[in-house]
Amino acid sequence: MSTGPFPFPSGNSRPRESREDTGKRRVGPLIPAIVVVVLAVAAFIGFAHLWTDILWFDQLGYGTVFWTKNITRIVLFVIAFLVMGAAVWLQLHLAWRHRPVYAPSERSDDPLAKYEDQVQTFRKAAFILIPAVIAAFAAITFASGWQTVQLFLNGESFGEKDPQFGLDVGFYITVLPFLKLIVGFLSSVVLFSGIAGILAQYLFGGIRIQDKAGLRISRAAGWQIGVSVALFVLVQAVNFWLGRYSTMLKQDGRVPGALYTDVHAVIPTRTILAIAAVAVAVVFIIGAAMGKWKLPLITTAMLVVVAVVAGAVYPAIIQQFNVRPSEKTMEQKYIQRNIDMTRQAYGLDDVEVSSYDAQLQPKKNALAKDAATTTNIRLLDPSIVSPAFAQLQQFRSYYKFADTLPVDRYTVDGKTQDTVIAVREVDAPKDSWVNQHITYTHGYGVVTADGNKVTSAGDPEFSLSGIPSEGKLLGGKEYEPRIYFGQNSPEFSVVGGPKDWKARELDRPSSDGEKEEDDDAADLRNTFKGDGGPKVGNLFNKLAYAIKFGSMNLMLSDAVNSESQILYDRDPQKRVKEVAPYLQVDSTAYPAIIDGRVKWIVDGYTTTNDYPYSSSQTLGDAVRDTLTGDSAQTSDQFSDKVNYIRNSVKATVDAYDGSVDLYAWDDKDPLLKAWRSVYPDTVKPMSKMSADLMSHVRYPEDMFKVQRELLGEYHVTDADDFYEENDAWQVPNDPTGGSGDSTTKQPPYYLSVKMPGADQEAFSLTSAFIPRQAGANARNVMYGFMAADGDAGNTKGKKDDSYGKIRLLKLPTQPGVPGPGQAQQNFDSNGTVSTQLNLLRQGASTVKNGNLLTLPVGGGMLYVQPVYVQSTGATQYPTLRKVLVSYGNSVGFADTLPEALDQVFEGESGAETSDGAGNTDGGDESGESTENKPEATDEQKRSEALKDANEAIKEGQEALGKSDFTAYDKAQKKLEKALEEATAADDAINGSAKDGEGKDGDTEADSSSEPAKENN
């Protein structure tokens, strides 16, 4: 007779069935062999991906990042796996070891008794498999919190205390998240192991459900259940206690943080609940010891009731009957806390606020004192002129410019001026594997144009152009022009080779004198000579990367040699994010020529959403405007919520070899200090930044956008005014976006501007504010103007004290300075402007409004908007034709900026502007004025224009035959102009008989030079 609850305690006691009795065939070796092969292949594929990651980080010099990150994950996984696995196994083991022994008749009415034999057969395997599976899931979740653990181990003091508990802010950012992680993990350990123990007790007879006796629990099972419940309740007691501090991080009140109800109701009740939970845990232990469960169940029910009443009902009563009737008075203290802590968290506590009594009536010579600003007014719109760069400087179809170009500043001939910069990146054809990954590997050269001027024909005035690059910006210096790493680089490229290797990488168009005698190719070729990627010459690495990219051509191609390198993950922002996983990176990376190299500059942010009393924002919502569109939402990081941000790191990525350098821009940031302890020697001190690099650092866009969103509300520093929301602002919608009725925010603009009260001009990021809109017809008047100083100076390793200074101008609310939307309305509704724009739209042309710039000059606010005309024909790119300006409600519209300003400021603005600030192409090619020449007939104009067009076509063909791209560009411009003149003359001929008077009126409007002033 068996001594245990199972009729067959040992598998050997059951009679063995013969093969003949069962009729079953033994499993052959094929299936196990297939399983082993599949597992081996899966393991090798996983190892291949791991190995390529190791090679990538090692080549880049950031191996410590890879190993620290992954070792931390592995250690946390192992710890969590062992703890969870041991807890579940212990519960199962105790249930088995202390199982009661019943006679078969005693369990005749137990529905599980008949399954005992089956359970016994796989018990040992289950005791291993069940804990392992549960532990694996728990360990994966726990290991994902590796950053939380590392911050806890390396946390730094913030030097600021929260106003409620007096704890260092670092407690909420580095300690509290870690404690929550541990408590959450322990809760799952106790819960899942407890459930496993209860189920095991039921299976092994410790818990019985009988028809007559009801529920019966053995003493051993009672102890096991009692201890499990007690441990779970103790963990919840710790959770209640930590919940007191979590109230500092609330975001669902009138303002974020702990408010009156939280301080006087929620925090005390959570303290009581924590103490009560400890008492309930003790009662459960006592109940288990006595074998009586009535008192533990009663106390548990009481705890649940208290948690509901004290945790929800009581605070709701306090809020409804005590706070709400006198909310402004009751919440004043806590609103002030929110204001102060939010401004600290976002770096807004040092904003320089000043009143600016902006004038509305323009006066003669009003701009005479603003030369520092007016000479740098940017007429090139970086979001429009990219097609012009492409048409004039692309040269080959396999080159490409970004759709929106960055704005930087360069010093040329001793003068610093705003510059629009573009990188000529490669656009590899997709027709073959060789073209995608072997031939078209890199772009070539940088193109720059002065932001404040154009050519006489309205094209960009290039300060650096051509292939090879030439221009005044270089000042006789040279730089490495090849762009292997950029924002449009191929997925991967195989480059490099031994000394005798025949170059296969298409480099650039050749010019006269560069071709070999036996080489008639139009393009030169190159072999990469840097250290830009992992070696892929040996067989194992070839196989690993073939698996990674799903391309067996890497194994078979004759272009992969013993010295080959593979370049991938080439986007600058992605590279920075990989080597600094703790950073949020700016949505915009911009190129600059620094110390003879093209380098991408990327701004990195340390962020958290655990700053007490600070208002939280979703990054994607804050940075979205008409330039980013929804692109900022596509990155995972832009779905994150943050309530603390610092531009702690400036990073550079070399466009030639992809090397990444991280510099500690804000070395006082406690989060950066912590991460520098986690990853020592990966972030260089600011002292290592060269003077050339310092001169191209600018204030970061995304941080500015986040700050301006907050400043619209938190420029109010008095709690009573803040509560009333009587002076809340918002960023205006972009009036130039789409059809002009854009509902997307206006982007900030980089401008060199001297702010009122500042000692000198600075390259700044600027934005306007209007009152918070209550409806579609709300007033679009300007209430505020914000500028962040982005000039870091040009001293090696030292930034100017003025860098990062945020200045806020508060404008008078009555009668109200026109906001961007109202200024655009003034432009669009002006009779003279609309008439001339209609003339520009005639024929095969479209008109594009450029960015609407706002400048605090002349004692008021000046708006400047370039107007571009673009052909709708096969060859089309925007050309600057007119400039719109407004001051108050006065509007100027002319070919050049000085003319438009003079129209507004009583015929003489006094402004000092740069030469070429507009389209001055008013004469023939000899330069002779056409003002006094007799008017030609429309037929003569058409005939002459067609003649000029034919000549331009011939000149262009001759220029192409000589590979003279400068002459070709000139011929194209001449052709475009001739076609426009021919079209205009043809339209005039066809319409003269029907609309002679209208034609005269249009001509009169077009030739008018009087200032255009209209008041709305």
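Residues take numbers from 1 onward in each chain, read along the sequence in its written order. Whole-chain, interface and lining totals are the exception, using all residues; otherwise, since this is a predicted model, local features are given only for residues with pLDDT of at least 70 and side-chain atom pairs are given and counted only at 80 or more. To get the side-chain values, all heavy atoms of the structure are used, and hydrogens and water are removed first.

Participant: I'm lost on unusual backbone geometry in this one. Help?
Facilitator: Leaving glycine aside, a negative phi is the common case for residues, and trans is the common case for peptide bonds. The omega torsion across Ile 467 and Pro 468 is -5 degrees, close enough to zero to call that bond cis. Working definition: helices are DSSP H or I runs of at least four residues, strands are E runs of at least two. Numbering for both runs from the N terminus. Note on placement: Pro 468 falls in the loop between strand 10 (460–464) and strand 11 (482–483). Here the bond from Gln 814 into Pro 815 is cis, since omega is 0 degrees, no more than 30 degrees from zero. Positionally, Pro 815 belongs in the loop between strand 29 (806–810) and strand 30 (817–818). Despite not being glycine, Asp 681 shows a phi value in the positive range, around 70 degrees. Tracing the chain through its elements places Asp 681 in the loop between helix 20 (670–678) and strand 23 (683–684).

Participant: For this particular structure, what's the right way to read the packing of aromatic side chains?
Facilitator: The relative placement of two aromatic rings is captured by the distance of their centres and the angle of their planes. Centres within 6.5 Å are what make two rings of Phe, Tyr or Trp a pair, Trp counting through its six-membered ring; a difference in plane orientation under 30 degrees is then read as stacked, over 60 as edge-to-face, and the rest as tilted. Here the structure, examined in full by the defined rule, presents 39 aromatic pairs. Judged by centre distance (5.2 Å) and plane angle (85 degrees), the ring pair of Trp 665 and Tyr 803 falls under edge-to-face. Of the two residues, Trp 665 sits in the loop between strand 22 (660–664) and helix 20 while Tyr 803 sits in the loop between strand 28 (784–789) and strand 29, which places them 138 residues apart along the sequence. Each ring, one from Tyr 887 and one from Phe 905, has its centre 5.0 Å from the other, and the planes form 65 degrees; the classification is edge-to-face. Residue Tyr 887 is found in strand 34 (residues 879–887), and its partner Phe 905 is found in the loop between helix 26 (897–904) and helix 27 (938–961); the two are separated by 18 residues along the sequence. The pair Tyr 887 / Phe 905 is uniform in exposure class, with both members buried. An aromatic cluster is built from Trp 433, Phe 492, Tyr 545, Phe 549 and Tyr 568, whose rings are joined through pairwise contacts. Counted as over-ring charges are cases with an Arg CZ or a Lys NZ within 6 Å of the ring centre that also lie within 35 degrees of the ring normal. Geometry around Trp 665 places Lys 650 over its ring, the cationic atom sitting 5.3 Å from the centre. For each residue, the accessible area found with a 1.4 Å probe, counting protein chains only, is set against the maximum for its type, and the residue is called buried under 20%, exposed over 50%, and partly exposed in between.

Participant: When you look at the pattern of salt bridges in this model, what are you seeing that I'm missing?
Facilitator: Opposite charge on two side chains lets them pair, provided their charged atoms get close. By salt bridge we mean one thing: a side-chain nitrogen of Lys or Arg within 4 Å of a carboxyl oxygen of Asp or Glu. By the definition in use, this model includes 23 salt bridges. A salt bridge links Asp 450 to Lys 453; the shortest N-O distance between them is 3.8 Å. For the salt bridge of Arg 482 with Asp 507, the shortest nitrogen-to-oxygen distance reads 2.9 Å. Linking Arg 482 in strand 11 with Asp 507 in strand 13 (residues 505–509), this pair joins segments that are 25 residues apart in sequence. Neither Arg 482 nor Asp 507 differs from the other in exposure class; each is buried. Among the ionic contacts, a cluster of salt bridges with common partners joins Lys 250, Asp 252 and Asp 262.

Participant: Help me out: how do you make sense of the sheet that holds strand 6 (residues 415–423) in this one?
Facilitator: Adjacent strands of a sheet pair through backbone hydrogen bonds, lying either parallel or antiparallel. Here, any two strands with at least 2 DSSP bridges between them count as paired. Read across the sheet, four strands follow the order 5-6-9-10 without closing on themselves; strand pairing throughout is antiparallel. Two strands bound the open sheet, and with one partner strand each, they are strand 5 (407–412) and strand 10. For this sheet, the mean inter-axis angle between neighbouring strands, taken without regard to orientation, is 50 degrees. Pairing between strand 5 and strand 6: six bridges, direction antiparallel. Here an axis means a line fitted to C-alpha atoms, over the contact stretch when the element is a helix, while the angle between two N-to-C directions is reported on a 0 to 180 degree scale.

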